[in-house]
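Each chain, written out:
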Amino acid sequence: MSIPVQVKRLAHGAGLPLPAYATSGAAGMDAVSAEDVTIVPGSRHAVATGLALAIPEGYEIQVRPRSGLALKHGITVPNTPGTIDSDYRGELKVILINHGTDPFVIARGDRVAQLVLAPVVQATWEEVEELDATTRGEGGFGSTGGHAKL
Ligand SMILES: O=c1ccn([C@H]2C[C@H](O)[C@@H](COP(=O)(O)OP(=O)(O)OP(=O)(O)O)O2)c(=O)[nH]1
Ligand SMILES: [Mg+2]
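Residues numbered from 1 in each chain as written. Chains lettered and ligands numbered in written order. Predicted model: local features only at pLDDT ≥ 70, side-chain atom pairs only at ≥ 80, totals over all residues. Heavy atoms only, no water.

Peer 1: I'm lost on the pattern of salt bridges in this one. Help?
Peer 2: Side chains carrying opposite charge are able to pair once their charged atoms draw close together. Within this structure, the stated rule accounts for 2 salt bridges. With a closest N to O distance of 3.7 Å, Arg66 and Asp30 form a salt bridge. Residue Arg66 is located in the loop between strand E6 (59-64) and helix H1 (67-73), and its partner Asp30 is located in strand E3 (residues 29-32); the two are separated by 36 residues in the primary sequence. Here Arg111 makes a salt bridge to Asp30, at a shortest N to O gap of 2.8 Å. Taken together, the residues span a long stretch of sequence, with Arg111 in strand E11 (residues 111-119) and Asp30 in strand E3 at a distance of 81 residues. The class for Asp30 is buried, based on a relative accessible area of 9%. Each of Asp30, Arg66 and Arg111 takes part in a single network of salt bridges with overlapping partners. (Salt bridge = Lys/Arg side-chain N within 4 Å of Asp/Glu carboxyl O. Helix = DSSP H or I, 4+ residues; strand = E, 2+ residues; numbered from the N terminus. Buried < 20%, exposed > 50% of the residue type's maximum accessible area, 1.4 Å probe, protein only.)

Peer 1: It is not clear to me how the UniProt feature "binding site: substrate" (unreviewed entry) in the chain should be interpreted in this structure. Could you clarify?
Peer 2: The feature "binding site: substrate" (unreviewed entry), as given by UniProt, occupies Arg66, Ser67, Gly68, Asn79, Thr83, Ile84 and Asp85 in the numbering adopted here. Across 20 residues, the annotated set is spatially dispersed, with a maximum C-alpha separation of 26.3 Å. Among all residues touching Arg66, those that are not within four sequence positions of it are Asp30, Ile75, Arg111, Val112, Ala113 and Gln114. For Ser67, the location among the structural elements is in helix H1. Note on Ser67: relative accessible area 60%, which makes it exposed. (UniProt positions renumbered as here; feature names shortened; annotations may be inferred. Contact = heavy atoms within 4.5 Å.)

Peer 1: Could you clarify how one ought to interpret the UniProt feature "domain: dUTPase-like" (unreviewed entry) in the chain in this entry?
Peer 2: In this numbering, the UniProt entry assigns the feature "domain: dUTPase-like" (unreviewed entry) to residues 17-145. For residues 17-145, helix accounts for 5% and strand for 40%, while the C-alpha atoms at its two ends are 47 Å apart.

Peer 1: Looking at this structure, I do not really get the site of ligand 1. What am I missing?
Peer 2: Ligand 1 sits among Asn79, Gly82, Thr83, Ile84, Asp85, Tyr88, Glu91, Leu92 and Lys93. Asn79 places a polar side-chain atom, nitrogen or oxygen, 3.1 Å from an oxygen atom of ligand 1. Within the backbone of Lys93, a nitrogen or oxygen atom sits 2.7 Å from a nitrogen atom of ligand 1. When ligand 1 sits alone it has 560 Å² of accessible area, and the protein chains cover 50% of it. Residue composition of the shell around ligand 1, grouped by class: 3 nonpolar, 3 polar and 3 charged. (Near = heavy atom within 4 Å. Polar contact = N/O pair within 3.5 Å; in protein donor to acceptor, adjacent residues only side chain to side chain. Areas by Shrake-Rupley, 256 points an atom, 1.4 Å probe, with all protein chains shown as cover. Nonpolar A, V, L, I, M, F, W, Y, C, P; charged D, E, K, R; others polar.)

Peer 1: Can you help me understand the side chain of Glu91 in this one?
Peer 2: By secondary structure assignment, the location of Glu91 is in strand E9 (residues 91-98). Of the side chains with opposite charge, Lys93 lies nearest to the buried Glu91, which makes no salt bridge, at 4.4 Å. Those residues in contact with Glu91 that lie beyond four places of it in its chain are Leu10, His12, Ala48, Thr49, Gly50 and Leu51. (Lys, Arg positive; Asp, Glu negative; His and termini not counted.)

Peer 1: Got a minute to help me understand the sheet that holds E11 in this structure?
Peer 2: Neighbouring strands of a sheet are bound in pairs by backbone hydrogen bonds; such pairs are parallel or else antiparallel. Ordered by their spatial adjacency, 5 strands build an open sheet running E2-E3-E11-E6-E8, and the pairing between neighbours is antiparallel. Edge strands, defined here as strands with exactly one partner in the open sheet, are strand E2 (20-21) and strand E8 (82-84). When E2 meets E3, the two strands line up antiparallel, connected through 2 bridges. What sits directly across from Ala20, in E3, is Asp30. (Pairing = 2+ DSSP bridges.)

Here's what the structure looks like:
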């Protein structure tokens, strides 16, 4: 299933490929950098994509890390999954952080993250005095234990 999403190339995005699915079953479209930039160990950068979007109402785009960059270079998205709201018309940027030991060199055109289109359900609060009882109750944060019963 696919739905149309409007995309506008900004001036510095000219000539770059649009985010694309690498295979027919890919969940995410790989987005490319519109800039040459080096991220030194421990630092962050909002990488320009040269793109602005109009995502249909009722959907969002999630910005997720690429596992290859995470495994090989310690490069990830600190706010993962980044949220691109349907009403955002500014430039889509990919925030990256270098958890590795070496400077990470990005060249314009490098695929830096993946974009996943996802449906959004908004909540309306229904405030109550009492919540229903459950088996879990207030237990959380490891309350069910950690070791599998072998
Ligand atoms: O990785 C990201 C995350 C966000 N955005 C843009 C699109 C999104 O719609 C907007 C706001 O993002 P978010 O709500 O995560 O940030 P905020 O810190 O809450 O800022 P704001 O007050 O603008 O909502 O910034 C990006 O381009 N890349
Ligand atoms: Mg916000």
